[in-house]
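Structure assessment
Here is how the chains run, residue by residue.
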Amino acid sequence: MTTLHPDRLLPADAGERAIARELYEGVRSLPLFCPHTHIDPSVLAEDRPFTDPYEVFVASDHYVLRTLISRGVMPAEIGLISRDGEPEASAREAWRAFASNWHLFRGTPTRMWIEHQLAEVFGTTTPLGAETADALFDEISATLATPEFRPRALLQRFGVEFLATTDAPHLPLNAHEKLRAGDWGGRVVPTFRPDAVIDLDKPGWPKAVEQLGEVCDVDTSTYEGYLDALRSRREDFIRLGATATDHGPVHPHAAWAPRETIEKLYERRQTGALEADEVELFRSHMLMELARMSADDGMVMQLHPGVTRNHDRAMFRRYGPDIGADIPHAVNLVRGLDELLNNFGHASAFTLVVFTLDETALARELAPLAAHYPALRIGAPWWFLDSPGGMRRHREAVSEVAGFYKGAGFNDDARCFTSIPARHDMARRVDCAYLAQLVAQHRLGIEEGHDVARLWSRDQAREVYLPDRR
Amino acid sequence: MTTLHPDRLLPADAGERAIARELYEGVRSLPLFCPHTHIDPSVLAEDRPFTDPYEVFVASDHYVLRTLISRGVMPAEIGLISRDGEPEASAREAWRAFASNWHLFRGTPTRMWIEHQLAEVFGTTTPLGAETADALFDEISATLATPEFRPRALLQRFGVEFLATTDAPHLPLNAHEKLRAGDWGGRVVPTFRPDAVIDLDKPGWPKAVEQLGEVCDVDTSTYEGYLDALRSRREDFIRLGATATDHGPVHPHAAWAPRETIEKLYERRQTGALEADEVELFRSHMLMELARMSADDGMVMQLHPGVTRNHDRAMFRRYGPDIGADIPHAVNLVRGLDELLNNFGHASAFTLVVFTLDETALARELAPLAAHYPALRIGAPWWFLDSPGGMRRHREAVSEVAGFYKGAGFNDDARCFTSIPARHDMARRVDCAYLAQLVAQHRLGIEEGHDVARLWSRDQAREVYLPDRR
Amino acid sequence: MTTLHPDRLLPADAGERAIARELYEGVRSLPLFCPHTHIDPSVLAEDRPFTDPYEVFVASDHYVLRTLISRGVMPAEIGLISRDGEPEASAREAWRAFASNWHLFRGTPTRMWIEHQLAEVFGTTTPLGAETADALFDEISATLATPEFRPRALLQRFGVEFLATTDAPHLPLNAHEKLRAGDWGGRVVPTFRPDAVIDLDKPGWPKAVEQLGEVCDVDTSTYEGYLDALRSRREDFIRLGATATDHGPVHPHAAWAPRETIEKLYERRQTGALEADEVELFRSHMLMELARMSADDGMVMQLHPGVTRNHDRAMFRRYGPDIGADIPHAVNLVRGLDELLNNFGHASAFTLVVFTLDETALARELAPLAAHYPALRIGAPWWFLDSPGGMRRHREAVSEVAGFYKGAGFNDDARCFTSIPARHDMARRVDCAYLAQLVAQHRLGIEEGHDVARLWSRDQAREVYLPDRR
């Protein structure tokens with residue numbers, strides 16, 4: 001499967017496939033608009049070359065690591081660095097372990113992304129496997145050393161027109177300042193992700209809030225000052241091109257709490273830990289404050305609730321976040337977002353993009369809410385459901401209730417830099433396959449199909465994340 | 001897309017489509033049996049002509065209004081009358097606003113229903129859009145003024161053989177009495193929907209219960225009198241042809257409470273408000289009382305729980321119910337219906353039809369319960385899930401567990417009068433497409449397919465709502 | 001439909017069907033590996049002939065009984081023996097009632113299994129129906145009297161290479177000892193299912209625990225003795241070839257409770273009933289103890305939580321278990337299995353197979369958990385979701401997240417002896433149809449498709465239930 005089939009992911013039925021091909025031809029070469037990634041901005045600021053395929057494909061993507069570990073590969077074998085100093089494999093050894101277990105990825109989107117990258121980005125025809133591991137390691141490492149494979153050159157070649165990274169407000173934005181100073185400003189922008197200064201159960205919270213005060217020169221010893229700092233820091237982000245914020249609360253609960261209560265929690269947390277329900281109360285209140293700030297400054301508010309983080313506490317302690325198993329759980333958006341939507345659901349400058357990993361909430365809750373509140377947009381299929389089947393089910397669950405115009409466009413959520421084009425390509429193929437079925441069943445005209453394919457591939461994300469009002 | 005494709009909604013695969021066509025031919029012209037609608041009976045009693053397409057397509061259907069508002073169209077622009085006297089658009093202006101936003105309905109069943117009506121009911125070939133809005137407004141208004149488009153003539157032409165409206169027990173049934181007196185008796189009948197006199201949190205409850213006492217001349221100042229009035233009023237409905245009741249509780253909970261407790265709640269509510277849990281306790285108890293009444297008088301009990309009504313409180317206050325966002329939430333039918341099914345699940349004269357908007361409950365709870373309790377029937381896909389995809393998922397979730405014979409037949413849930421044939425036609429097409437796949441995969445014989453298509457298109461609803469025992 | 005179509009259940013699309021056929025040809029004749037059945041081992045130990053089709057198809061399968069009762073057939077008509085001595089129909093009469101209602105099974109897997117058996121196992125061409133009921137009864141009864149239809153001969157003919165029954169630890173294992181003594185040892189083995197001695201709310205618990213002590217000669221009057229008895233009894237099972245345990249808790253909750261608390265509950269239950277939450281606490285603690293035992297002795301732990309048993313209490317009282325309506329409910333695996341997975345999720349000798357009837361938990365919870373914890377395997381579609389659509393949805397929900405290698409292989413969960421080949425054949429067809437789509441959409445190579453088809457049809461179950469380490 002090293003040669004990519006031109007019709008991959010298109011419908012099996014010949015009639016549907018012909019329509020899907022036509023639709024796909026109309027969008028395959030559109031620029032890539034990336035409003036939500038986990039790319040490290042310093043890679044671009046410094047235009048730092050990548051060194052080897054292990055770094056590119058394995059180390060950068062904890063879903064790859066997870067799949068290997070779940071079948072008994074030891075973390076050290078694939079290069080994971082434990083906090084207790086266990087010796088880990090070299091990049092080449094870890095790459096071998098990955099290549100030997102390549103069959104484990106059959107059926108997953110990861111497999112299709114990596115095959116896409118090998119063929120289209122790296123232009124190799126060597127199939128991935130235990131026998132070819134060393135040869136591929138050498139071949140790709142050599143390729144990565146050429147100027148054409150420096151991060152900025154790749155971004156250019158990929159046709160990325162806009163790329164937002166994810167950034168904490170209490171840390172400096174050096175990389176983005178450097179990018180802004182050069183000729184890359186406006187195309188690569190930060191996203192305001194304040195979880196670290198909102199979640200009172202994070203051990204580093206007092207330190208983070210102090211740092212937040214320092215980076216924007218505001219006294220954060222009081223709750224009032226903390227709010228000022230957040231507002232001020234949002235302006236810094238906006239100056240660097242940011243158009244969105246990002247929030248990953250455990251539960252989708254947002255509700256005002258009495259100001260006095262919140263001030264007391266804020267104060268108490270500076271010197272000690274709080275109870276779980278107090279942490280939740282503060283987070284829920286802050287989502288309201290942050291929605292208000294977004295309604296004021298126009299930054300799109302992205303919400304992706306419903307994940308139990310670090311389910312595996314021993315792995316988390318040894319190897320840190322992302323390796324500790326983040327597992328979705330059921331959400332109740334109807335009750336959880338009640339107060340937020342009742343307060344800001346019609347605010348004219350406000351856009352709320354809600355993602356969910358609980359597919360049951362799509363047709364039952366999220367689509368009907370979005371089919372009512374003007375401010376609400378339905379986020380793209382997210383995370384490990386950014387798979388062909390997951391995307392298809394998402395479109396099917398949402399479109400009949402909310403139509404095609406209440407989404408927020410595609411976002412690739414990329415961690416692996418060279419996977420960006422593969423992700424957009426997969427989404428475009430899956431969307432065209434879905435639209436082709438509607439056309440084949442005479443539910444949509446072919447011209448309408450082209451319109452919607454362009455909308456989903458690029459225009460809708462631009463409309464939501466780069467609105468004219470900015 | 002103004003010309004309707006004869007194969008719309010049938011499978012894309014040529015082999016499956018040929019089978020689906022054959023099945024559909026066998027049911028396309030069957031009479032329409034409509035056991036559950038929200039048609040205003042006075043329209044039929046007075047045979048009052050409709051005036052314009054805004055009234056017919058937009059004002060009558062809050063799903064149309066919702067879709068427009070959710071994309072930023074202001075309520076006044078589409079003719080919504082606010083309680084604070086804001087001036088609203090004229091019918092023609094509102095129709096223009098609708099026509100200019102017609103693309104928002106792509107992918108929704110509403111779009112297919114309206115196209116069906118334009119082509120099949122109104123016989124127009126003018127495509128809907130901003131440029132044609134005025135011409136269409138005039139054309140359809142003129143058509144509606146002809147005698148062939150009076151409500152009764154339309155009903156005749158549509159082939160409607162039975163149509164149940166939804167009626168409150170505390171209000172007079174003048175329209176139905178008039179229909180009964182004429183030659184329409186038996187074909188258009190009321191449905192007993194007592195929510196207004198059951199839900200103790202409705203502000204108008206004390207008044208409604210007083211009115212209930214008046215219309216049936218029973219003293220409702222005591223709980224005993226209230227039960228007598230309900231029983232007596234059910235007899236009035238039955239005399240006018242009613243064969244079913246309808247209930248939309250927030251949660252699917254039914255359980256006996258101590259008589260004394262219920263009597264006290266009933267008494268206290270007459271002079272003041274109750275707590276939320278008291279309201280729920282009363283409602284849950286009343287579902288048991290109403291099930292007992294149904295087991296006694298044979299009226300089919302329809303239950304569609306699981307909706308958070310008027311989620312958007314400001315819109316509700318300004319524009320009233322239906323505009324306030326009714327959003328489904330998750331339900332637990334296993335525990336919620338435990339006591340009701342244990343009491344009446346085998347009662348010989350009792351039929352309980354349960355609908356759910358929580359699709360997750362279909363295969364997991366509703367189908368297994370129906371595959372056990374003789375009294376339980378699975379309601380048709382409901383509400384905004386009465387979409388091609390929603391219906392298909394419903395059939396797939398339910399049929400393998402409960403077979404084809406535990407449903408309650410199709411119901412159109414129509415609000416928009418002229419949409420009735422479009423809804424039945426869509427359901428017949430979707431059902432035939434599903435059955436065609438079973439035939440194509442050699443899971444069902446073609447003759448069996450014809451049998452089941454007829455059952456689902458008409459016979460099953462007749463069997464459930466017009467049983468021989470009546 | 002008495003002649004089975006060779007392409008039944010394969011895709012309707014011609015291209016996909018050709019691929020599916022090729023894949024299916026590669027697995028259709030593989031031996032049957034049956035790690036989880038409800039076959040009575042004494043039937044095999046004594047090689048006792050079956051008497052008539054009522055016994056084989058109807059009486060042995062409460063899903064057949066349930067479907068009939070749910071449409072108004074009286075339990076006595078189909079031969080159910082009530083505890084209050086109501087006279088029941090003879091086998092022939094009950095078979096007639098079943099045959100007359102054969103249409104009720106359209107669309108269900110039961111119908112396909114029975115048709116498979118009639119054609120392939122019994123070689124009859126007589127179609128099932130009211131008119132043929134007596135003829136078929138006689139024909140099949142005669143066939144069953146021949147030596148070729150004795151249970152052991154059938155097992156041989158079916159190609160069953162391994163079959164595990166389900167057995168209570170407090171009862172003697174005479175049948176298995178007899179099988180072990182003969183030439184059938186190793187092929188037919190018991191499964192350790194201790195629910196009866198774990199669930200403190202079972203009325204027979206004190207007696208069962210006493211019996212447990214007796215069969216393994218350990219004093220179970222104390223909690224310590226009880227644990228010893230369980231461990232000792234597990235060794236007996238292992239000696240008879242058992243490789244797995246089986247647990248059906250109401251909720252998927254497992255957590256250590258203080259030893260002292262558990263000992264007190266154990267003691268108190270010997271003389272009286274406990275509260276519901278105490279029963280749940282004990283069960284939840286015991287799942288931890290049993291996981292620890294599995295991590296020690298290597299028996300695969302099978303968990304299928306989330307069923308409300310005997311929902312219909314009157315039917316349960318009259319006709320006993322299985323007739324009382326077992327209905328699935330929603331589960332929370334993320335929280336419920338937290339402690340168990342944190343304790344044993346990486347234990348090297350431990351395998352936990354989790355089944356769920358709550359399909360919503362598949363993509364959201366079970367697949368992500370399995371894609372992380374090495375010890376966790378995803379159970380096959382279970383119970384009445386062992387239907388073509390249920391299996392397909394299962395594959396689609398799980399594969400993109402966890403790949404193809406974290407399952408536990410197929411198991412037939414058979415109660416009806418002669419249905420075993422039909423169940424495996426259906427699963428193989430459905431899996432090949434799914435894989436054919438992936439191949440047709442160029443997501444999987446055809447050779448990979450063959451590999452995975454073999455894995456799912458047989459090899460994965462062998463790997464999990466007969467690991468080399470045993």
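The coordinates are above.
The paragraphs below set out a description of the structure included in this document.

Rules used in this analysis
Residues numbered from 1 in each chain as written. Chains lettered and ligands numbered in written order. Predicted model: local features only at pLDDT ≥ 70, side-chain atom pairs only at ≥ 80, totals over all residues. Heavy atoms only, no water. Phe/Tyr/Trp six-rings, centres within 6.5 Å; stacked < 30°, edge-to-face > 60°. Helix = DSSP H or I, 4+ residues; strand = E, 2+ residues; numbered from the N terminus. Buried < 20%, exposed > 50% of the residue type's maximum accessible area, 1.4 Å probe, protein only. Lys NZ or Arg CZ within 6 Å of the ring centre and 35° of its normal. Contact = heavy atoms within 4.5 Å. Buried area = accessible area lost by both parts, 1.4 Å probe. Salt bridge = Lys/Arg side-chain N within 4 Å of Asp/Glu carboxyl O. Polar contact = N/O pair within 3.5 Å; in protein donor to acceptor, adjacent residues only side chain to side chain. Nonpolar A, V, L, I, M, F, W, Y, C, P; charged D, E, K, R; others polar. Pairing = 2+ DSSP bridges. Axes fitted to C-alpha atoms, helices over the stretch in contact; angles between N-to-C directions. Least-squares fit on C-alpha atoms with pLDDT ≥ 70 in both.

Focus on the packing of aromatic side chains
Enumeration over the complete set of coordinates arrives at 63 aromatic pairs over all chains. Arranged with centres 6.4 Å apart and planes meeting at 75°, the rings of B:Tyr223 and B:Phe282 form a pair that is edge-to-face. Within this pair, whereas B:Tyr223 is found in helix H12 (residues 223-239), its partner B:Phe282 is found in helix H14 (residues 276-297), the two being separated by 59 residues in sequence. We classify B:Tyr223 as buried; its relative accessible area is 2%. Members of the aromatic cluster, joined through ring pairs, are A:Phe57, A:Trp95, A:Phe98, A:Trp102, A:Phe105, A:Phe122 and A:Phe149. Lying over the aromatic face of B:Trp113, B:Arg423 brings its terminal NZ or CZ to 4.0 Å of the ring centre.

Quick word on the interface of chain B and chain A
The interface of chain B with chain A comprises 48 residues on the first partner and 38 residues on the second. The contact between chain B and chain A buries some 3500 Å² in all, and 53% of this surface belongs to carbon and sulfur atoms. Here chain B and chain A share six salt bridges between them. The partner of B:Arg111 in a salt bridge is A:Glu448, and the shortest N-O contact between them spans 3.0 Å. Taken together, chain B and chain A are joined by 23 residue pairs in polar contact (both at pLDDT 80 or more). The set of elements that each furnish at least two residues to the side of chain B that touches chain A consists of helix H4 (62-69), helix H6 (109-121), helix H15 (313-319), strand S7 (327-328) and helix H19 (388-402) of chain B. The leading source of residues in the side of chain B that touches chain A is H19(B), at four residues. For the side of chain B that touches chain A, the class distribution of residues is 20 nonpolar, 15 polar and 13 charged.

Looking at the pattern of salt bridges
Counted according to the given criterion, the structure contains 129 salt bridges over all chains. Residues B:Arg193 and B:Asp246 are paired through a salt bridge, measuring 3.1 Å at the closest nitrogen-oxygen approach. Of the two residues, B:Arg193 sits in the loop between strand S3 (188-189) and helix H10 (195-198) while B:Asp246 sits in strand S4 (residues 244-247), which places them 53 residues apart along the sequence. The salt bridge partner of C:Arg392 is C:Glu396, with a shortest N-O separation of 3.0 Å. Within this pair, C:Arg392 and its partner C:Glu396 are both found in helix H19 (residues 388-402), separated by four residues, close to a single helical turn.

Structural notes on the sheet that holds strand S2 (residues 160-164) of chain B
All names here are of chain B. Pairing within the open sheet is parallel, and its three strands lie in the order S1-S2-S3. Lying at the two open borders of the sheet, with one neighbouring strand each, are strand S1 (32-34) and S3. Bridge count for S2 against S3 is two bridges, and the pairing is parallel. Within S3, the position partnered with Leu 163 by the bridge is Val 188. Helix H21 (residues 446-465) rests against S1 and S2 of the sheet, and its axis sits at about 40° to S1.

Quick look at the relation of the copies chain B and chain A
For the pair chain B and chain A, the best superposition has an RMSD of 0.0 Å and corresponds to a rotation of 120° with a translation of 0.0 Å parallel to the axis. Both copies are brought into coincidence by an operation consistent with a three-fold rotation axis. Residue B:Asp13 of chain B places its C-alpha closer to the rotation axis than any other residue of that unit, at 3.6 Å. A low fraction, 4%, of the interface residues of chain B reappear at the interface in chain A, so the copies pair through non-equivalent surfaces.

Considering the side chain of C:Asp195
All names here are of chain C. By the element assignment, Asp 195 lies in helix H10 (residues 195-198). Residue Asp 195 is classed as buried on the basis of its relative accessible area, which comes to 9%. Within the structure, Asp 195 has its side chain in polar contact with the backbone nitrogen of Gly 248 (distance 3.1 Å). For Asp 195, the residues in contact, after removing those within four places along its chain, are Lys 202, Asp 246, His 247 and Gly 248.

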